[in-house]
Amino acid sequence: MNTVATAIDLRAIRAQFPVLDQEVNGKPLIYFDNAASSQTAKAVVDSLVQFYERDHANIHRGIHTLAERSTKGFEATRERVQQFINAGEADEIVFTKGTTESINLVAHSWATTFLKEGDEILISQLEHHSNIVPWQLAAERTGAVIKVIPINNVGEILQEEYKKLLSDKTKLVAVNYVSNSLGTINPVNEMIRSAHEVGATVLIDAAQASPHIKIDVQEMDCDFLALSSHKMYGPTGVGVLYGKRDLLEEMPPYQGGGEMIKDVSFNGTTYNDIPYKFEAGTPNIGEVIAFKYAMDFIDNIGHDVIKEYEHKLLMYANDKLRKIKGFTPIGTAKNKASVISFLIENVHPYDLGQLLDVRGIAVRTGHHCTQPLMDFLQIDGTVRASFAVYNTEEEIDVFCDALESIVKKFG
Ligand code: PMP
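As a starting point, this report considers the structure included with it. (Residues numbered from 1 in each chain as written. Predicted model: local features only at pLDDT ≥ 70, side-chain atom pairs only at ≥ 80, totals over all residues. Heavy atoms only, no water.)

Looking now at the sheet that holds strand β4 (residues 93–96). In a beta sheet, neighbouring strands pair by backbone hydrogen bonds and run either parallel or antiparallel. Strand order across the open sheet formed by seven strands is β4-β10-β9-β8-β7-β5-β6, with mixed pairing between neighbours. Of all strands in the sheet, those bounded by a partner on one side alone are β4 and β6 (145–149). Taken pair by pair, the neighbouring strands of this sheet meet at an average axis angle of 20°, ignoring direction. Where strand β7 (residues 170–176) and strand β8 (residues 201–205) come together, five bridges link them in parallel fashion. Across the sheet, the residue bridging to Val175 is Ile204, located in β8. Sheet strands touched by helix α3 (residues 65–84): β4 and β10 (239–243). Its angle to β4, the strand with the most contacts, is close to 120°. Docked against the sheet, helix α4 (residues 99–114) engages β4, β7, β8, β9 (224–228) and β10, running at close to 150° with respect to β9. (Pairing = 2+ DSSP bridges. Helix = DSSP H or I, 4+ residues; strand = E, 2+ residues; numbered from the N terminus. Axes fitted to C-alpha atoms, helices over the stretch in contact; angles between N-to-C directions. Contact = heavy atoms within 4.5 Å.)

Below, the structure written as structure tokens:
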């Protein structure tokens, strides 16, 4: 058994991901594209099958048994999310399509209502496009100004520069907890505290953090937090927006339609209470119900165990990769999640991705939806290997051997 796997039962974990047990291009699949989307745990898939084979019905409005069943399952996930991120109340959990929609919801509803000309929005150089473009659109609508928090060459946010940018003009700070491109873990707790000292509201993009790090929104004291189920061994099409009750209550609806209303007439419409005010239309019911089992999967192993195991995989891979001729890591922050972005001399990232795919190894290549970060680094893109709890040292060995042979041929 794997040396770093002592604390976790890898065989049992991998058994919950039948997708891993297949050949791609005649080679056993090695899935290192977890930062884009992790594979789905079997209990999640089973729940989806159960829903579509036995329980499918629309939620909230029906009085028949199937409608009650699906409503109960849907609301049970809301309570599970509350517990998972330690929110004070289930009403502070809004279901969305994903992190992108969660951020857009805040950028439309909160930002359009509360920002005015000259107000400042701080985002970092490290952000995903999903945490840049919605604020650019909000700035266009309101006249607010975006200020970019600089980073150093290893991919860490410059905390002193951040503090210098904070002022009574700062109305919003929106930063990621973990960078999807470089894996940097940002000191969000301190950043939130500093933002609150100048009275700014803080949104944390936790898309890359939630599979790896225990999130406690009350301890963090963030005002908003966004995450995506599909990066947490759950289904696609489900995300969460956490918001503090008082903020959600004073925000206008994001979209209009069914579910989000109390009464509709042509003389005027009254809106539902939170969180339903933000959940217009029929959501991804079966996927939301199944998401509960993804959180169970994570909690059954435990965030501490996951973090430690993935960190060991990261260290193991770092040591081996460093020995490969022409290997350059991109992003070497002190505090990192299990994401390795890199370049190999004389091999274009796109070609490398294809050559690895031929060997059954899935990695991501390109700008990873962080073009401003790539501009800062003066590169077009990277190759990114990102590890999940089901990955192994043996897979890293195969990956490194594959890179060695590619370098020998093309490097
Ligand atoms: N933020 C970060 C840091 C991400 O990694 C991603 C997904 N790559 C997103 C936001 C967007 O998430 P989604 O596509 O699930 O909406």
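Having seen the structure, we can now continue with the description.
Turning our attention to the pairing of β9. The side chains of a regular strand alternate between the sheet's two faces. Of all five residues in β9, five are buried; the element is thus mostly enclosed. Residues Phe224, Ala226 and Ser228 of β9 are buried on one face, and the alternating residues Leu225 and Leu227, pointing to the opposite face, are buried as well. In this structure, β8 lies alongside β9, joined through three bridges in parallel fashion. Its bridge partner lying in β9, Ile204 is registered against Leu225. When β9 meets β10, the two strands line up antiparallel, connected through five bridges. Pairing of Leu225 across the sheet is with Tyr242, part of β10. (Buried < 20%, exposed > 50% of the residue type's maximum accessible area, 1.4 Å probe, protein only.)

Evaluation of the coordinates by the stated rule reveals 13 aromatic pairs. Their ring planes at 80° and their centres at 5.2 Å tell us that Phe17 and Phe297 sit as a pair that is edge-to-face. Of the two residues, Phe17 sits in the loop between α1 (10–15) and β1 (23–24) while Phe297 sits in helix α10 (residues 285–301), which places them 280 residues apart along the sequence. Like Phe17, the residue Phe297 is buried in the burial classification. Geometrically, the ring pair formed by Tyr233 and Phe297 is edge-to-face, given 5.0 Å between the ring centres and 70° between the ring planes. Here Tyr233, found in the loop between β9 and β10, pairs with Phe297, found in helix α10; they are 64 residues apart in sequence, far enough to count as distant. Classification of Phe297 by relative accessible area gives buried; the value is 4%. An aromatic cluster is present here, built from Phe32, Phe327, Phe342, Phe387 and Phe399 joined pairwise through their rings. One cation-aromatic arrangement involves Lys214 over Phe84; the distance from NZ or CZ to the ring centre is 5.5 Å. Directly above the ring of Tyr293 sits Lys292, whose terminal nitrogen or CZ lies 4.6 Å from the centroid. (Phe/Tyr/Trp six-rings, centres within 6.5 Å; stacked < 30°, edge-to-face > 60°. Lys NZ or Arg CZ within 6 Å of the ring centre and 35° of its normal.)

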